[in-house]
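Read off the chains here:
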Amino acid sequence: MAKGFVVISAERCKGCGFCVEFCPTKVLALASAFNSKGYHPPHVVNSDKCSGCDLCGMYCPDFAIFGARNAR
Amino acid sequence: MSDTLLEVLPEIPEDAHNPVEPFLRMDRMPHIWCPGCGIGTTVNCFARALQSSQVDLKKTVIVSGIGCTGRVAGYANLDSFHTTHGRAIPFATGMKLANPELNVVVYSGDGDLFAIGGNHFIHAARRNMDIKVVCVNNMIYAMTGGQTAPTTPGTSVTSTAPYGVYEPTFNLPALAEAAGASYVARWTTFHVKQVAKSMEEMMKKKGFCFIEIISPCPTLYQRRNKMGDALDAMKYYKEASKVRNGAPTSETTLSKTGEIVVGKFVDRDRPDYLEVLKAQMVSVLGDRYTEPENSCCEC
Amino acid sequence: MHADPKGVLTGVHFIDGDHACCEGLLAAGARFSSGYPITPSTEVVERFAQRIPTVGGVFIQMEDELAASITLQGAVWAGAKAFTVTSGPGFSLMMEHIGLAAMTETPCVFVDVQRGGPSTGLPTLPAQADMMQARWGSHGDYGMIALCPNSPQECFDLAITAFNLAEEFRTPVMLMLDECIGHMTEKVVIPEAEKIEVTPRRWTSEPPETFQLFKPKADMVPDMVKAGDGYSIHVTGLTHDERGYPNMTVDVQDRSVRRLVNKLTPLANERAIFETADLDDAEVVVVSYGITSRVAQRALKLAREQGIKAGKFRLISAWPFPTERLRALAGRVKAMVVPEINLGQMVLEVERAAAGKCKVIPVSHAGGTVHNPEVILKAIVEAAR
């Protein structure tokens, strides 16, 4: 299982793409779907690679995503 | 529709929450900043620095001026003050002097701090007032629609310089150092870990501290100058930044597309305003000097 | 609540209005001042700078009046009683922050020792030409309290009143001296601390969970906390709701701005501060304030000696203007004579209050000195015809 996980609040996202671009293990991609404001939020495409480093969380200007390490 | 977007992975603990939430007024979200604006990223770093520095949040206040970055105070879950244009620093000065137990952070933009507020910045640095100044430098007046700031680099097009800017800019780290700041650092919004670490250092450091954070303004700076979107700005910061801790601030001038020297440039110790005040009063008045009581209104 | 004896220089003194004003501010509990030197007001902060290190407090000389007028507000939100002092050009620079104090309901005192203007004007000579600026100088609608002493003793007394009203109404208060009053040396009696009433800040007793920083009490004024109390307050110059959060809607603008004006209504009516004499049989009333009220005193005496039934109405609280009081008076006199060292400011308010019920005669003076009492007398004589 992956070392970490990300939690996405899709409705808060404004689709800047920082999290997708700067994820060191390329866990994320922008979804083709829209949120209710019309932005494409990220979704997880490689969950098993997530290290839970929270770099996505640090980059996110909208507090819409964060990463955390699994307890085990 | 949002249900289809939320990747609810089976192993996510139910109590998982965004670590910055306790530091923000989440009831005020979403914030007013544009998609790709870097201010939110700096706030994210600030929230993490509040956590890592373990400052007493009840004794920590944030003061902003006017502009996009001026809105930061309103989103921080601290005693927060959104003052007038350019005057966050003197307001913060009054707070610190009236209650030295407060950790006083000024969070504002380049136009606010260095055009209309430039005089206050240099005097607070000269006094080594124990306040912490964070400047989000998006190189433009964004709130009012993209006018020239004292930081807008040469040849950039702004709404008030439609044929390109020709005024020289301020080199903010050099200005801060020359005026007397105890701590001076510059990063970009690409350098999130370094920003958070510098902010943590700043919170623990006594005296006048200054951090400049170069930040994208995709709506009014990048777009008008055909520099792409916020992600393009971030990629530029990544490629053009050169970490030079301790670099002479004479070498930290910015240009429109050139190298960005980042790092911690100044970290020095000199007595702060209140220490000097007390020493002088004690030396002249001796026992007659009476230390101010905090919160005198309770007397 | 009684004054803190540490700031009270009990005794009989022979000092000028600026110095007496400083002692009044100290007696009221002021322990913080941010200033910027400007004639003829500087003596107030010079004395404060000399006195405060042994009383316990801070004076800081700022880089300009813009800084001075907001540094004190930071101090207020950190818990201090704070003031600044200035004159004409500096008063102009402070206008934005007087608006901030009104909008954020920050209790504080601004002292303006008026000199001749416009611009640099007459730095060392008197005028009373900032009266409208004191009321209307900052943009937007807000209420204002302005007090006008006419002696060094009143500079002391009204400095305390100014702070008491600032705290009671959570508002900035203007203490409007003029160069003559500021530099006039007279006997000033400073009572013992326990004989000085001081209004404490309106500290809330509510817990953070329910407290709202801008939610008015029955008297239309909200209670306060300070930074560091654990309430995570937000204070903004933007139009804001009861929590202090920006809310730029027509409804919130309407109810907040109306309240900023209406909360001062008691001072316009039943609690207006003024001094009267010889009004019972008066046919002509001289309405004056500050140094001019003392010059007018001579004219009133000469008029009575000539058999003219002249009376005195001295404005002490010039703002809010005591409209109802003067309107009642206007109904039973022939005329009101309004001498002031400007080309017609408070006289406009007197005209408005009189509402056509009596003649209103301005006696203007461009500044630089006081009126000749004969000029005021002449206006009284003509008004009595």
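Owing to the predicted nature of the structure, the values given are computational and were not obtained by experimental measurement.

(A) How the structure looks around the overall build of chain C. Helices and strands together make up the secondary structure of chain C, namely 13 helices and 16 strands. Whereas a compact globule of 385 residues would reach a radius of gyration of roughly 21 Å, chain C reaches 21 Å, a difference of no more than 12%. Each of the three principal axes of chain C carries a C-alpha extent, and together these read 70 × 50 × 40 Å. Counting every position in chain C, which comprises 385 residues, the buried fraction comes to 64%. Within chain C, residue pairs in contact and separated by at least 24 positions form 77% of the contacts whose partners lie at least 6 positions apart. With an accessible surface of roughly 13,000 Å², chain C has 53% of that area assigned to carbon and sulfur atoms. Placing the 37 positive and 46 negative side-chain charges of chain C at their respective mean positions leaves the two points 5 Å apart.

(B) The interface of chain B and chain C, seen in detail. On the chain C side, the residues contacting the 47 residues of chain B number 52 residues. Roughly 3,900 Å² is buried in total at the junction of chain B and chain C, and carbon and sulfur atoms are behind 61% of that figure. In this structure, the salt-bridge partner of Glu63(C) is Arg127(B), at a minimum N-O distance of 2.9 Å. Connecting chain B to chain C are 24 residue pairs in polar contact (both at pLDDT 80 or more). Listing elements by their share of the side of chain B that touches chain C, those giving two or more residues are α3 (72–75), β2 (79–82), α4 (88–98), α6 (118–127) and α11 (273–285) of chain B.

(C) Seen up close, the packing of helix α3 (residues 65–77) of chain C against helix α4 (residues 88–104) of chain C. Residue and element names in this part refer to chain C. One can describe the packing of α3 onto α4 by two numbers: an axis separation of 7 Å at closest approach and a directional angle of 25°. By the criterion of interaxial angle, the relationship of α3 to α4 is roughly parallel. For the crossing formed where α3 meets α4, the hand is right-handed. Contact with α3, carried on its side by Glu65, Leu66, Ala68, Ser69, Ile70, Gln73 and Trp77, involves Gly90, Leu93, Met94, His97, Leu100, Ala101 and Thr104 of α4 and no other residues of that element. For the contact of α3 with α4, the class distribution of residues is 8 nonpolar, 5 polar and 1 charged.

Here is what the cut-offs are and how they apply
- Residues numbered from 1 in each chain as written.
- Chains lettered and ligands numbered in written order.
- Predicted model: local features only at pLDDT ≥ 70, side-chain atom pairs only at ≥ 80, totals over all residues.
- Heavy atoms only, no water.
- Helix = DSSP H or I, 4+ residues; strand = E, 2+ residues; numbered from the N terminus.
- Rg over C-alpha atoms; globule rule 2.2 N^0.38 Å.
- Buried < 20%, exposed > 50% of the residue type's maximum accessible area, 1.4 Å probe, protein only.
- Contact = heavy atoms within 4.5 Å.
- Areas by Shrake-Rupley, 256 points an atom, 1.4 Å probe, with all protein chains shown as cover.
- Lys, Arg positive; Asp, Glu negative; His and termini not counted.
- Charge placed at Lys NZ, Arg CZ, Asp CG, Glu CD.
- Buried area = accessible area lost by both parts, 1.4 Å probe.
- Salt bridge = Lys/Arg side-chain N within 4 Å of Asp/Glu carboxyl O.
- Polar contact = N/O pair within 3.5 Å; in protein donor to acceptor, adjacent residues only side chain to side chain.
- Axes fitted to C-alpha atoms, helices over the stretch in contact; angles between N-to-C directions.
- Parallel < 35°, antiparallel > 145°, perpendicular 65-115°, else oblique.
- Left-handed = near helix turned anticlockwise from the far one by under 90°.
- Nonpolar A, V, L, I, M, F, W, Y, C, P; charged D, E, K, R; others polar.

All quantities given are derived from atomic positions and should not be read as evidence of function.
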